[in-house]
Amino acid sequence: RSCDLWARYPRVMFNAWYFKRRGIDLGPYAWISGWIDLALAGRATVSTGTGLFVPRTIEVRGNDDGRIVIGDHVTVDSGARLAVANKATLQVGDNVGIGPYNILNAFDDLSIGKDTMFGPFVNINCADHGIEPGTPMRLQYGTYGPVTIGEDCWLGAGVIVTKGVSIGDGAV
């Protein structure tokens, strides 16, 4: 009975309703026991495949025409932050494990291949600040570049990946 399901899994049911209402295309069998701190502006979109697993609170941000596309059976662990802006796409392949406190900032395209795992505190940034002498940093425009992480990779704890980097399949 539906009321029994609601009693056993209230956060999953509430979050599914909440996300659809906010315009997120949430795939079937999502298990969301944490909270997703969600802010979408402009025409930003989020879609997920089958079996998304979010065990604890995470943050999702979208601006401009940014798109977040998450594959099947993806885990997004505690404290992770997924952000997209400009016309960028953050593409997460099937069976990816986004670790605790990972930061994925896609101001240009960011692609993560299937079966890839991230340890805690991985930071991937597709943007940098300008570094023009004599001009305060806060007044300088950023520069952007895509990042590609191949299939079946493992990025261990504390790895930092900057704009323009490609990591091949099977890399550790």
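See the structure above.
If you're wondering where the values come from, they're calculated on a predicted model, not measured in any experiment.

About the cut-offs
Residues numbered from 1 in each chain as written. Predicted model: local features only at pLDDT ≥ 70, side-chain atom pairs only at ≥ 80, totals over all residues. Heavy atoms only, no water. Helix = DSSP H or I, 4+ residues; strand = E, 2+ residues; numbered from the N terminus. Buried < 20%, exposed > 50% of the residue type's maximum accessible area, 1.4 Å probe, protein only. Areas by Shrake-Rupley, 256 points an atom, 1.4 Å probe, with all protein chains shown as cover. Phe/Tyr/Trp six-rings, centres within 6.5 Å; stacked < 30°, edge-to-face > 60°. Pairing = 2+ DSSP bridges. Patch = residues over 30% accessible without salt bridge, like charges linked within 9 Å, V, L, I, M, F, W, Y side chains within 5 Å. Salt bridge = Lys/Arg side-chain N within 4 Å of Asp/Glu carboxyl O. Polar contact = N/O pair within 3.5 Å; in protein donor to acceptor, adjacent residues only side chain to side chain. Contact = heavy atoms within 4.5 Å.

K.L.:
How do you make sense of the overall build of the chain when you look at a structure like this?
P.N.:
When you go through the chain residue by residue, the secondary structure sums to 2 helices and 20 strands. Across the 172 residues in the chain, those meeting the buried criterion constitute 41%. Counting every atom, the chain has about 9,300 Å² of accessible surface; 55% of that belongs to carbon and sulfur.

K.L.:
Would you mind going over the packing of aromatic side chains with me for this structure?
P.N.:
Two descriptors summarise a pair of aromatic rings, namely the distance from one centre to the other and the angle between the planes of the rings. In the structure shown here, the tally under the stated rule is 2 aromatic pairs. Seen from their ring centres, Phe 107 and Tyr 144 are 6.2 Å apart, and the 50° between their planes marks the pair as tilted. Taken together, the positions of Phe 107 in the loop between strand 11 (103-106) and strand 12 (110-112) and Tyr 144 in strand 16 (residues 143-144) put the pair 37 residues apart, joining distant regions of the chain.

K.L.:
What is the right way to read the sheet that holds strand 3 (residues 45-48) from this model?
P.N.:
Two strands in a sheet stick together by hydrogen bonds in their backbones, pointing the same way (parallel) or opposite ways (antiparallel). One open sheet holds the 6 strands; their spatial order is 3-6-9-12-17-20, and the pairing between them is parallel. Strands at the two margins of the open sheet, each flanked by one partner only, are strand 3 and strand 20 (166-167). The pairing of strand 12 with strand 17 (residues 147-149) spans 3 bridges and is parallel. Counted as the bridge partner of Ile 112 is Ile 149 from strand 17.

K.L.:
It is not clear to me how a nonpolar patch on the surface should be interpreted in this structure. Could you clarify?
P.N.:
On the surface, Met 117, Trp 154 and Val 172 cluster together to form a nonpolar patch covering roughly 370 Å² of accessible area. You can see Trp 154 is positioned in strand 18 (residues 154-155). The class of Trp 154 is partly exposed, set by a relative accessible area of 43%.

K.L.:
Got a minute to help me understand the pairing of strand 5 (residues 58-62) in this structure?
P.N.:
Here is the key point about a regular strand: its side chains alternate between the two faces of the sheet. Burial along strand 5 is one-sided: Ile 58, Val 60 and Gly 62 are buried, while Glu 59 and Arg 61, pointing the other way, are not. The sheet contact formed by strand 2 (residues 36-40) and strand 5 spans 5 bridges and is parallel. By the bridge assignment, Leu 40 is partnered in strand 5 with Gly 62. Where strand 5 meets strand 8 (residues 81-84), 4 bridges bridge the pair, whose relative direction is parallel. Considered in strand 8, the bridge of Gly 62 is made with Val 84.

K.L.:
What exactly am I supposed to notice about the side chain of Asn 123 here?
P.N.:
Looking at the element boundaries, Asn 123 is found in strand 14 (residues 123-125). In this structure the side chain of Asn 123 is engaged in a polar contact, spanning 2.4 Å, whose partner is the side chain of Asn 125. Discounting residues that sit within four places of it in the chain, Asn 123 has contacts with Ile 103, Val 159, Ile 160 and Val 161.

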